Amino acid sequence: MAISSYLPDVAGGMVSGASFADDAAAVAAVTLLHNAGVRPQDLSVIARDPARAARIAGALAWYPTKGERGIGRLVGRLTGGLPRDVRSRYSTDLAGGRVVVVAAAGGQPADTLAALFGQAGGTSIDQWWQPPAGLFAPPEMAGPF
């Protein structure tokens, strides 16, 4: 099991990400991904304001409540320490107040995730090989499934 990232410890893995102009669009994207079978530990919601990212992730029933450990723990930490690959793709979007959702290609291929992001109205949709990083909650901390 991974201890700092859901991506495999050594090799990393394929991810897909997109930028969203407002909270409602980001919630719709996360909900769409969840309904398509994407697991909670495969998602990361990133915003300039950690409370905003937590609110968006918290719109879903599977998001850990206050006091539980899960993706909310990572949201605040990511604000100042984004992986280089995410920063190079989305720093302008984040600086402009947009929300970025990144999904690891675990149960769904990266191109399927990209299509779902497009269906949800995302922009700056991209797919890449993400080296191991603290971007996703490890499976044991993802909350109920």
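All residue numbers here refer to positions counted from 1 along the written sequence of the relevant chain. Predicted model: local features are reported for residues with pLDDT of at least 70 only, side-chain atom pairs are reported and counted for 80 or more only, and whole-chain, interface and lining totals are derived from all residues. Where side-chain values are given, they derive from all heavy atoms of the structure, hydrogens and water being excluded.

1. Description of unusual backbone geometry
Within the chain, S124 stands out as a residue other than glycine whose phi angle is a positive 50°. Runs of H or I in DSSP of at least four residues are treated as helices and runs of E of at least two as strands, each being numbered from the N terminus. Note on placement: S124 falls in strand β4 (residues 123-130). By relative accessible area, which is 39% here, S124 ends up partly exposed. Three labels apply to residues, based on accessible area from a 1.4 Å probe with only protein chains included: buried if under 20% of the type maximum, exposed if over 50%, partly exposed otherwise in between.

2. Focus: the packing of aromatic side chains
Two descriptors summarise a pair of aromatic rings, namely the distance from one centre to the other and the angle between the planes of the rings. When the centres of two rings from Phe, Tyr and Trp lie within 6.5 Å, Trp using its six-membered ring, the rings pair. Their planes under 30 degrees apart give stacked, over 60 give edge-to-face, and anything left gives tilted. Taken as a whole and assessed by the stated rule, the structure comprises two aromatic pairs. Their ring planes at 55° and their centres at 6.1 Å tell us that F20 and F117 sit as a pair that is tilted. Residue F20 is found in strand β1 (residues 13-20), and its partner F117 is found in helix α5 (residues 110-119); the two are separated by 97 residues along the sequence. Judged by its relative accessible area of 0%, F20 is buried. Aromatic side chains Y90 and W128 sit 6.1 Å apart centroid to centroid with 50° between the ring planes, which places their arrangement in the tilted category. One end of the pair, Y90, is in helix α4 (residues 84-95); the other, W128, is in strand β4, and 38 residues separate them in sequence. For the pair formed by Y90 and W128, the shared burial category is buried.

3. What about the pattern of salt bridges?
Here, a salt bridge means any Lys or Arg side-chain nitrogen found within 4 Å of an Asp or Glu carboxyl oxygen. Enumeration according to the criterion identifies three salt bridges in this entry. A salt bridge links D126 to R89; the shortest N-O distance between them is 2.7 Å. Taken as a pair, D126 in strand β4 and R89 in helix α4 lie far apart in primary sequence, 37 residues in all. Classification of D126 by relative accessible area gives partly exposed; the value is 28%. Under the relative-accessibility criterion, R89 is labelled partly exposed at 28%. Where R98 meets D93, a salt bridge forms, and the shortest distance between an N and an O atom there is 4.0 Å.

4. Description of helix α2 (residues 50-58)
When α2 is considered as a whole, its buried residues turn out to be R52, A53, I56 and A57. Viewed along the axis of α2, the buried residues span an arc of 130°, placing them on a single side of the element. Residue D49 occupies the N-cap position of α2, its side-chain oxygen lying 3.2 Å from the main-chain nitrogen of A51. Note that the arc is defined by the directions from the helix axis to the C-beta atoms. Between N or O atoms, a polar contact is any pair within 3.5 Å; within protein, one atom must be a potential hydrogen donor and the other a potential acceptor, and residues adjacent in sequence are included only when both atoms are from side chains.

5. Quick word on the nonpolar core
In these notes, a set of buried Ala, Val, Leu, Ile, Met, Phe, Trp, Tyr and Cys residues joined through side-chain atoms within 4.5 Å is what counts as a nonpolar core. By size, the foremost hydrophobic cluster in this structure holds 19 residues, and its most contacted members are F20, L33, L43, V45, V101 and F117. Of all the elements in the fold, those that place two or more residues in this core are β1, α1 (23-35), β2 (43-46), α2, β3 (99-104) and α5. Among the elements that take part in this core, α1 stands out by supplying four residues, more than any other. Discounting chain neighbours no more than four positions away, the residues touching L33 are V38, L43, V101, A103, L113, L116 and F117. Whether two residues are in contact is decided by their heavy atoms: any pair within 4.5 Å suffices.

6. Observations regarding the confidence of the model for the chain
The pLDDT value expresses, per residue, how confident the predictor is, ranging between 0 and 100. Of all residues in the chain, 70% attain a pLDDT of 70 or more, and the chain-wide mean is 76. The element-level mean pLDDT for the chain is lowest in helix α3 (residues 71-78), coming to 42, with α5 highest at 94. This stretch, residues 61-80, has a pLDDT under 50; its non-local contacts, to residues over four places away or in other chains, come to 44 contacts.

7. What about the sheet that holds β2?
What the four strands build is an open sheet, ordered β2-β3-β1-β4; its pairing is antiparallel. What marks the edges here is a single partner per strand, and that holds for β2 and β4. Between one strand axis and the next, the sheet turns through 20° on average, direction left out of account. Pairing between β1 and β4: six bridges, direction antiparallel. Within the sheet, the bridge partner assigned to G13 lies in β4 and is Q130. The sheet strands contacting α2 are β2 and β3, and the helix crosses β2 at an angle near 140°. Packing of α4 onto the sheet brings it into contact with β1, β2, β3 and β4, and relative to β4 it is tilted by some 165°. Strand pairing is assigned whenever DSSP identifies at least 2 bridges connecting the two strands. Simply put, an axis is a line fit to the C-alpha atoms, just over the touching stretch for a helix, and the angle between two N-to-C directions goes from 0 to 180 degrees.

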